[in-house]
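# Structural characterization, general
Spelled out, the chains give:
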Amino acid sequence: MSTPQFRVERPEATFPTLSADQIARIARYGTRRPVRRGELLFDQGTENPSFFVVLSGALEIVRPYKGKEDLIVVHRPGQFAGEISLLNGRRSLARGRVTEDGEVLELSADRLRALVQTDSELSELLMRAFILRRVALINESLGDVTMIGSQFSPSTLRLREFLTRNTHPYKYYDVERDPDAQAFLDRLGIRVDEIPVVICRGELVLRNPSFEELADCLGFNISIDVGVVRDLVVVGAGPAGLAAAVYGASEGLDVLVLETHAPGGQAGSSSKIENYLGFPTGITGQALAGRAFAQAEKFGASVAIARSAAKLVCKKRPFAIQLSSGDVVHARSVVVASGAQYRKLPLPRLKEFEGAGVYYAASKMEVTLCKDDEVIVVGGGNSAGQAATFLAGFDKDKDGKLIPRTKHVHMLVRSTGLAESMSRYLIQRIQENERITLRTCTEIEALEGEHHLERVRWRNSTTGEVETRPIRHVFSMTGAVPNTVWVGSCLAMDDKGFVKAGTDLSAEELAHAGWPLERQPYLLETSTPGVFVVGDARAGSVKRCAAAVGEGSICVQLVHKTLAE
Ligand SMILES: Cc1cc2nc3c(=O)[nH]c(=O)nc-3n(C[C@H](O)[C@H](O)[C@H](O)COP(=O)(O)OP(=O)(O)OC[C@H]3O[C@@H](n4cnc5c(N)ncnc54)[C@H](O)[C@@H]3O)c2cc1C
């Protein structure tokens, strides 16, 4: 077996050895070539690297760091190099060097994709290994990014969430906690007020970058050509958009997905989804999103990260979508899968504390910020219930000891109870958990603090009682508003801004929109032929993962019909 330099969960699946028959099948897609000791097959930052199987000799994988190299693993005959970035055409995270003369089998990224699309046994073996390797790199913080930030800085949280949700491994130093961090900043000549600072591949230093700058620095979108007219552009890589991408690409459409933040959408911020079919013990939103993303890329969909649709131009064909970066992409059909985002609490100082005590997701990432502290969860829906039970739960330390995620959870709801808005299984868990206090008829009145949230004042609307508590963390989970501003006046919407489709569109709405065809809009088709809406962005949708995935999958069949018209 390969010899990894750190503990991996499932070594045989992470670093498998291929059989002679499997190698012969891979060989049909690539070329054999001799290699010499010392030869670099790829370097950290190599764009669109090839896939290598070692036939004889040995290949070491190292991470270059501060002028030195950390050994990650050594591959021997029958083993192969690479991880998930091979499929999405991103830059290589590590360096691969031959350490013993021998022979390798080399496949370009395109040929590798063709292989995993046609050979299901090898697809399973390779995809599993690639995903597990990425997980191991994340667990060991072995990547091409170093970040220096502060636990009190909203921008630091914003960027850490971006990297985590995009499953990009990074090493993090906190100026408040790590003695080395300040020395590091001094060496780079960076002032503390310029953090967070991100160093890509040990070279490029970005001071408090935007998502777009960071995505560009990491080469997330290097292999994506925005200049071609696509069969289908999907806006949003939540469950609905990823489903449309998987079905579209697997059925031969040329698909581009645009995503503002990270694959997974709202579901990606869920600590555990328990009602998604086929996962009886539940699955984290991040894991579900990661798998769906890998699946979309396996079938050849391009997913552009940190690329926001700013405007839909729907009067001419092909449709044009203007991006916030200034680029324009063209498409024969469009799927609106831009979902929804959290409603914000109407509090005067909210903005100051977003990311510095007020959060819109409750995942392991946020838990690191509020260990040993009391927290508040606001909201009475399922997402609030999930957040409360997750935050009142436990993690295991290295020795298997249970460590509470937070000291106590106060759950604040405006109504008199949870029965109308939350699933029964969650209500029961909340009622039975003594680490959660449910406070009904209660609303936050004020957030207080200097640089970080320090105190919260709440009021009970029945008794009029006001209480101020020294609580530094509020998880706001109070329903969602649609992300549909970018479609402008192109599509008919309901009064809340959700896009209408199919039989929900009245004759007047269709006439007003200038519907040009004799046929009525298909299911999920909007008031513009060839533009579809799926998932939470659709008026009347049920706001559930499975429903979003179902709609994203169904709409592809209808996309085919409109493309044929
Ligand atoms: C914390 C939480 C827990 C949940 N738990 C469950 C659960 O247990 N079970 C369940 O069934 N459902 C659950 N849900 C609901 C479920 O996640 C949503 O119904 C589902 O994610 C909707 O999918 P979607 O793809 O339609 O939209 P979203 O998930 O909202 O995804 C939309 C995507 O579009 C992107 N986007 C928005 N605007 C643009 C733009 N202009 N350009 C490019 N990209 C854009 C966003 O960044 C986002 O990634 C939960 C939701 C939350 C928030």
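Figured I'd write up the structure that's included with this text. (Residues numbered from 1 in each chain as written. Predicted model: local features only at pLDDT ≥ 70, side-chain atom pairs only at ≥ 80, totals over all residues. Heavy atoms only, no water.)

### Notes on the sheet that holds strand β26 (residues 474-476)
Pairing is parallel in the open sheet, where five strands are placed in the order β17-β26-β18-β21-β22. Two strands lie at the open edges of the sheet, namely β17 (358-359) and β22 (436-439), each paired on one side alone. As defined by bridge partners, strand β18 (residues 374-378) adjoins strand β21 (residues 408-412) across five bridges and the pair is classed as parallel. Within β21, the position partnered with Val 378 by the bridge is Leu 412. (Pairing = 2+ DSSP bridges. Helix = DSSP H or I, 4+ residues; strand = E, 2+ residues; numbered from the N terminus.)

### Observations concerning the site of the ligand
Lining the immediate environment of the ligand, one finds 35 residues, of which Glu 259, Gln 266, Asn 275, Tyr 342 and Gln 386 sit closest. At 3.1 Å from a nitrogen atom of the ligand is found a side-chain nitrogen or oxygen belonging to Thr 260. Among the elements of the structure, α9 (239-250), β11 (255-259), β16 (340-342), α13 (382-391) and α16 (545-564) are those that each provide at least two residues to the shell around the ligand. (Near = heavy atom within 4 Å. Polar contact = N/O pair within 3.5 Å; in protein donor to acceptor, adjacent residues only side chain to side chain.)

### Focus: helix α14 (residues 424-432)
Within α14, the full set of buried residues consists of Leu 426, Ile 427 and Ile 430. The arc enclosing the buried residues of α14, seen along the axis, measures out at 100°, which places them on a common side. Opposite the packed face of α14, turned more than 90 degrees from it, sit the exposed residues Arg 424 and Glu 432. Packing partners of the buried residues in α14 comprise α13, β21 and β22. (Buried < 20%, exposed > 50% of the residue type's maximum accessible area, 1.4 Å probe, protein only. Arc of directions from axis to C-beta. Contact = heavy atoms within 4.5 Å.)

### A short note on the packing of helix α2 (residues 20-27) against helix α5 (residues 120-139)
Where α2 meets α5, the axes come as close as 11 Å, and the angle between the chain directions of the two elements is 100°. Between α2 and α5, the angle falls in the class roughly perpendicular. Between α2 and α5, the residues in contact are Gln 22, Arg 25 and Ile 26 and Glu 121, Leu 122 and Leu 125, respectively. In terms of residue class, the contact of α2 with α5 is made up of three nonpolar, one polar and two charged. (Axes fitted to C-alpha atoms, helices over the stretch in contact; angles between N-to-C directions. Parallel < 35°, antiparallel > 145°, perpendicular 65-115°, else oblique. Nonpolar A, V, L, I, M, F, W, Y, C, P; charged D, E, K, R; others polar.)

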